[in-house]
Amino acid sequence: MSVVAAAERQRRTDGQADTYYEAIIIGAGLSGMYQLHRLRELGLSVRVFEAGDGVGGTWYWNRYPGARFDSESWTYGFSFSQALLDGWDWSEHFSAQPETLRYCNYVADKLDLRRDITFDSRVAAAAYDEDANAWELAFTDGRRARCRFLITAIGPLSAPTMPVIPGVGDFRGEAYHTGLWPHEPVSFDGKRVAVIGTGATGVQAITEIAKTVGHLTVFQRTPNWCAPLHNGPIDAKTQAEIHASYPEIFEQCRNSFGCFIHAADPRNALEVSDEEREATFQKLYDAPGFGIWMGNFRDLLIDEDANATITEFMTRKIRARVNDPALAEKLIPTNHGFGTRRVPLESGYYEVFNQPNVRLVDVRETPIERITPAGIKTSDADFDFDMIVYATGFDAITGAFDRIDITGRGGRKLKDKWVDGPRTYLGLQIAGFPNLLTLVGPHNAATFCNIPRCIEQNVEWVTDLMRHMRARDLTRVEATVAAEDTWTAHVHETAARMLLMKADSWMTGINRNVPGRRTRTFMAYAGGAPKYRETCDAVAADGYTGFALT
Ligand code: NA7
């Protein structure tokens, strides 16, 4: 224990000493687990508090049918430890949630993390005590804990939102939100099931539920541009090749915009002939993963005319796959171009609508009026269901922060500070909130990334900061207002040239189920992971410019 921590422990004579740590990490998902490992190596007294009763974060909560990677499995695992890489084989190119949750548990076991994690602990409030230079945490069950550094590892998509529809509590059948799925198996056999929501989650869930359901009704508000996942098992030969090529795989990820193996095509869509463009689109459509979104012509997501070419291609694909032409038109987005919202990857999604036991309800034409005890009432029909599945998404990126009452210097609430959208420095720190570090926080490249790749960068940067501070007996770090203003302006400038800023989505801060989430503001960082990493490294190399260290 450092001198500072020992002094603090000595100072606390109120019986709370055993709940004081130099660092507390909130959340035992991948970022919390890795941060724990690194801070423990540094010799800090550190504890993780986790709301669930197991590790895994996103993969712990999102147990809905069909949940699986859109990242290639073999690009997703932690890269920092050869032993972790050597001891784990992914079974599929895009593994399903149960396997990923097993992976999270494997990491926790291998690194012996559980001894420093307290489960079933949801943080209700965190307040900065200026005199003590410490954070005081209150848990929902009344327990308290204190720490010098508070590190949030609470995830960008971890605050599920229910739709604001009258009568949601009235339904007498089974009802589940995808992000809070039960741990026990759920059967759809012979049942009349409704799914509300057709984002990346809804698309996966609908495709899986349709395999065994009695009758399925999909309530769609905004169709999305879905592209084929092309998943498959990993055979023994490929497995050996993957293990032998990890250095190259991670190097390729490191150099691409979103840390996927897909890097943008250096050509512009309108520079090539129609035939060449069509052939490129077709090749990407037939290839696995996010290539069609991230490995496509470089101007598709910034130039309207270029975007129109892929949008037209994808329109033809939907028409070709859906038998009923009128139904196909309902599944084709009309208010945004391809790739300007998160692209759901699918494995037979469009064909689901060719099944005789599946019906699509376009709620723009016939809005849902209320949830009834028996089902759902729209403006033109009453539907009876045995089960309603809410695939209605999350209060993204800032929602998990808002669900904790966070108070900084001078009694300032984080929620108030961010009322018009987040303001941060590097997506890792916030002026007025000393010693609070926000892994995968808003304005951070990690929210727009093959996430473990960016988690490693975030965690290693925070660990280096801690090392720097300990070596100099510094105990307080806070972003300056000027640095925060500059970074926040840079985040907005970088996003402004992207077409995705024109679409309503969780990335642009719109959620009609959450009061106040109506203003379009970019929630992540669109400058790309390599540029983000370079900036963070330069800040560190310069002695942490933009931070007041005392
Ligand atoms: P999303 O992408 O936010 O999707 C939520 C879906 O729920 C979307 O289709 C919404 O329609 C729909 N929704 C929300 N409220 C309503 C109401 N009241 N009525 C009808 N439909 C509604 O969340 P996901 O969980 O799919 O994905 C989030 C991310 O998690 C995903 O990108 C992955 O990276 C992991 P809307 O589009 O708002 O019209």
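Here the structure is a predicted model, which means the values were calculated and not measured. What you see as residue numbers is a count from 1 along each chain, following the sequence as written. It should be noted that, the model being predicted, local features are given only for residues of pLDDT at least 70 and side-chain atom pairs only at 80 or more, the latter also being counted only at that level, while totals for whole chains, interfaces and linings use all residues. In computing side-chain values, all of the structure's heavy atoms are included and hydrogens and water are not.

Before going further, it helps to examine unusual backbone geometry. In this model, Asp112 sits at a positive phi of 55°, which is unusual for a non-glycine residue. Only DSSP runs of H or I with at least four residues qualify as helices, and only runs of E with at least two residues qualify as strands; both kinds are numbered from the N terminus onward. Relative to the helices and strands, Asp112 is located in the loop between helix H5 (97-110) and strand E3 (117-118). According to the relative accessible area criterion, Asp112 is partly exposed, its value standing at 39%. Backbone geometry at Asn133 places phi at a positive 50°, although glycine is not the residue there. Along the polypeptide, Asn133 turns up in the loop between strand E4 (123-129) and strand E5 (134-139). A simple rule labels every residue: compare its accessible area, found with a 1.4 Å probe on the protein chains alone, to the largest value its type can have, and call it buried under 20%, exposed over 50%, or partly exposed in between. Residue classification places Asn133 among the buried residues on the basis of a relative accessible area of 9%.

Before going further, it helps to spend a moment on the site of the ligand. Residue proximity to a molecule or strand is established when one non-hydrogen atom of the residue lies within 4 Å of it. Among the 19 residues in the neighbourhood of the ligand, the closest are listed as Thr201, Arg221, Thr222, Arg341 and Asn513. Here an oxygen atom of the ligand and a side-chain polar atom of Arg341 are 2.9 Å apart. Here the ligand, which alone exposes 790 Å², has 84% of that area covered by the protein. Under the convention adopted here, Pro, Cys and the residues Ala, Val, Leu, Ile, Met, Phe, Trp and Tyr are nonpolar, Asp, Glu, Lys and Arg are charged, and Gly plus all remaining residues are polar. A breakdown of the residues in the shell around the ligand according to their chemical character gives seven nonpolar, eight polar and four charged. The split into domains, and so the bounds of each, comes from an automatic or database assignment of domains. Per-domain counts for the shell around the ligand show at least three residues from each of domain 1 (3-55 + 113-159 + 396-549) and domain 2 (162-225 + 339-393). Polar contacts here mean pairs of N or O atoms no more than 3.5 Å apart (in protein, one a potential hydrogen donor and the other a potential acceptor; neighbouring residues in sequence count only if both atoms are side-chain atoms). Note on areas: Shrake-Rupley, 1.4 Å probe, and residue coverage restricted to the protein chains presented here.

Mapped onto the elements, Thr152 comes out in strand E6 (residues 144-152). For Thr152, a relative accessible area of 1% translates into the label buried. For Thr152, the contacting residues outside a window of four places in its chain are Ile26, Phe401, Leu436, Leu437, Thr438 and Leu439. Residue contacts are defined here by distance: any two heavy atoms, one from each residue, within 4.5 Å place the two residues in contact.

Strand pairs in the sheet, formed through backbone hydrogen bonds, run parallel or antiparallel to each other. By the convention used here, strands pair only if DSSP detects at least 2 bridges between them. Read across the sheet, three strands follow the order E13-E14-E15 without closing on themselves; strand pairing throughout is antiparallel. If you trace the sheet from one side to the other, it starts and ends with strand E13 (368-371) and strand E15 (382-384), each paired once. Sheet twist, expressed as the average angle between the axes of neighbouring strands with direction ignored, equals 20°. In this analysis an axis means a line fitted to C-alpha atoms, helices contributing only their contacting stretch, and an angle means the value between N-to-C directions, from 0 to 180 degrees.

Another point: empty space enclosed by the protein. Of the grid points, spaced at 1 Å and generated over the protein atoms alone, those admitting a 1.4 Å probe that cannot get out make up cavities, while open sets with protein on both sides within 12 Å along at least five of seven lines make up pockets; any residue with an atom within 4 Å of a point is treated as lining. Grid points are joined across faces, edges and corners, and a volume is the space filled by probe spheres set on the points. Within the structure shown, the criterion is met by two cavities of 30 Å³ or more. What the largest cavity holds in volume is close to 60 Å³. In terms of lining residues, the largest cavity is bounded by Ser73, Trp74, Gly77, Phe78, Leu84, Leu85, Trp88, Trp90, Tyr103, Tyr246 and Phe250. Among the elements of the structure, helix H4 (82-86) and helix H8 (246-254) are those that each provide at least two residues to the lining of the largest cavity. Among the residues making up the lining of the largest cavity, the classes are represented as nine nonpolar, two polar and no charged. There is about 30 Å³ of room inside the second largest cavity. Taken together, Thr198, Val203, Gln220, Pro223, Asn224, Cys226, Leu331, Tyr349 and Tyr350 make up the lining of the second largest cavity.

The next subject is the sheet that holds strand E8 (residues 192-196). Pairing within the open sheet is parallel, and its five strands lie in the order E7-E16-E8-E9-E12. Strands with a single pairing partner mark the edges of an open sheet, and in this sheet they are strand E7 (174-177) and strand E12 (358-362). Pairwise comparison of adjacent strand axes, ignoring direction, gives a mean angle of 15° for this sheet. Examined bridge by bridge, strand E9 (residues 215-220) and E12 share five bridges and lie parallel to one another. Along E12, the bridge assignment pairs Thr217 with Arg359.

Moving on, we come to the packing of helix H7 (residues 236-244) against H8. Following both chains from N to C, one finds H7 and H8 inclined at 65°, their axes separated by 5 Å at the closest point. In terms of their interaxial angle, H7 and H8 are classed as roughly perpendicular. Here H7 contributes Ile242, His243 and Ala244 to the contact with H8, which in turn contributes Tyr246, Pro247, Glu248 and Ile249. Class assignment for the residues of the contact of H7 with H8 results in five nonpolar, one polar and one charged. Under this scheme an angle from 65 to 115 degrees is roughly perpendicular, one under 35 degrees roughly parallel, and one over 145 degrees roughly antiparallel; angles in between are oblique.

A word on helix H6 (residues 200-209). The periodicity of an α-helix, 3.6 residues per turn, causes residues three or four positions apart to be oriented the same way. Here H6 lies mainly inside the structure; eight of its 10 residues are buried. For H6, every residue scored as buried is listed here: Thr201, Gly202, Val203, Gln204, Ala205, Ile206, Thr207 and Ile209. The elements touched by buried residues of H6 are E8, E9, strand E11 (345-346), helix H13 (349-352) and strand E16 (387-390).

One ladder, built from three bridges, connects E13 with strand E14 (residues 375-378); its direction is antiparallel. The partner of Ile371 across the bridge, within E14, is Ile376. In textbook terms, the turn of a hairpin is the stretch between consecutive antiparallel strands, and for E13 and E14 this stretch comprises three residues.

Domain annotation for the protein chain reports domain 1 (3-55 + 113-159 + 396-549) and domain 2 (162-225 + 339-393). If you look at the interface, domain 1 gives 11 residues, while domain 2 gives 10 residues. Buried area is calculated as the accessible area (1.4 Å probe) missing from two parts once they are joined, with the contributions of both summed. Both faces considered, domain 1 and domain 2 share a buried interface measuring about 810 Å² in area, 49% of it formed by carbon and sulfur atoms. The term salt bridge refers to a pairing of a side-chain nitrogen on Lys or Arg with a carboxyl oxygen on Asp or Glu at a separation within 4 Å. In this assembly, domain 1 and domain 2 are joined by zero salt bridges. Linking domain 1 to domain 2 there are two residue pairs in polar contact (both at pLDDT 80 or more). When grouped by side-chain class, the residues that make up the side of domain 1 that touches domain 2 number six nonpolar, two polar and three charged.

Quick look at the confidence of the model for the protein chain now. Parts of the prediction with low pLDDT should not have their coordinates interpreted in detail. Confidence scores here are pLDDT values: one per residue, from the predictor, ranging 0 to 100. Per-residue confidence for the protein chain gives a mean pLDDT of 95; residues scoring 70 or more make up 97%. Predicted confidence for residues 1-17 stays below pLDDT 50, and this span has 21 contacts to residues more than four positions away or in other chains.

Take the nonpolar core next. Definition of nonpolar core: a set of buried residues of the types Ala, Val, Leu, Ile, Met, Phe, Trp, Tyr and Cys, connected through side-chain atoms within 4.5 Å. Residues Leu216, Leu426, Trp461 and Phe522 are the most contacted members of the largest nonpolar core, which totals 135 residues. At nine residues, helix H16 (residues 451-471) tops the list of elements feeding residues into this core. Split by domain, this core shows at least three residues from each of two domains, domain 1 (3-55 + 113-159 + 396-549) and domain 2 (162-225 + 339-393). Once you skip the residues sitting within four places of it in the chain, Trp461 turns out to touch Leu426, Leu428, Cys536, Asp537, Val539, Ala540, Tyr544 and Phe547. By size, the runner-up hydrophobic cluster in this structure holds 23 residues, among which are Trp135, Leu150, Ile430 and Leu436.

Our next topic: the packing of aromatic side chains. Given two aromatic rings, their pairing is described by the distance between the two centres and the angle made by the two planes. Side-chain rings of Phe, Tyr and Trp, where Trp is taken by its six-membered ring, are said to pair if the distance between their centres is within 6.5 Å; with planes under 30 degrees apart they count as stacked, over 60 as edge-to-face, and otherwise as tilted. Taken as a whole and assessed by the stated rule, the structure comprises 36 aromatic pairs. Taking 5.2 Å as the distance between ring centres and 80° as the angle between the ring planes, the aromatic pair formed by Trp59 and Phe69 counts as edge-to-face. With a gap of 10 residues between them, Trp59 in helix H3 (residues 58-61) and Phe69 in the loop between H3 and H4 connect regions that are remote in the sequence. With relative accessibility at 10%, the residue Trp59 sits in the buried group. Exposure remark for Phe69: the relative accessible area of 2% places this residue in the buried category. Ring centres of Trp88 and Tyr103 lie 5.3 Å apart, and the angle between their planes is 70°; this geometry places the pair in the edge-to-face category. Note that Trp88 is positioned in the loop between H4 and H5 and Tyr103 in helix H5, a separation of 15 residues in sequence. Each member of the pair Trp88 and Tyr103 is classed as buried. Aromatic rings pair up to connect Trp59, Phe69, Tyr76, Trp88, Trp90, Tyr103 and Tyr106 into one cluster. Only when the NZ atom of a Lys or the CZ atom of an Arg is both within 6 Å of the ring centre and within 35 degrees of the ring normal do we say a charge sits over the ring. Sitting above the plane of the Phe139 ring, Arg143 keeps its charged end 5.0 Å from the centroid. Sitting over the face of the ring of Tyr285, Lys317 holds its NZ or CZ atom 5.1 Å from the ring centroid.

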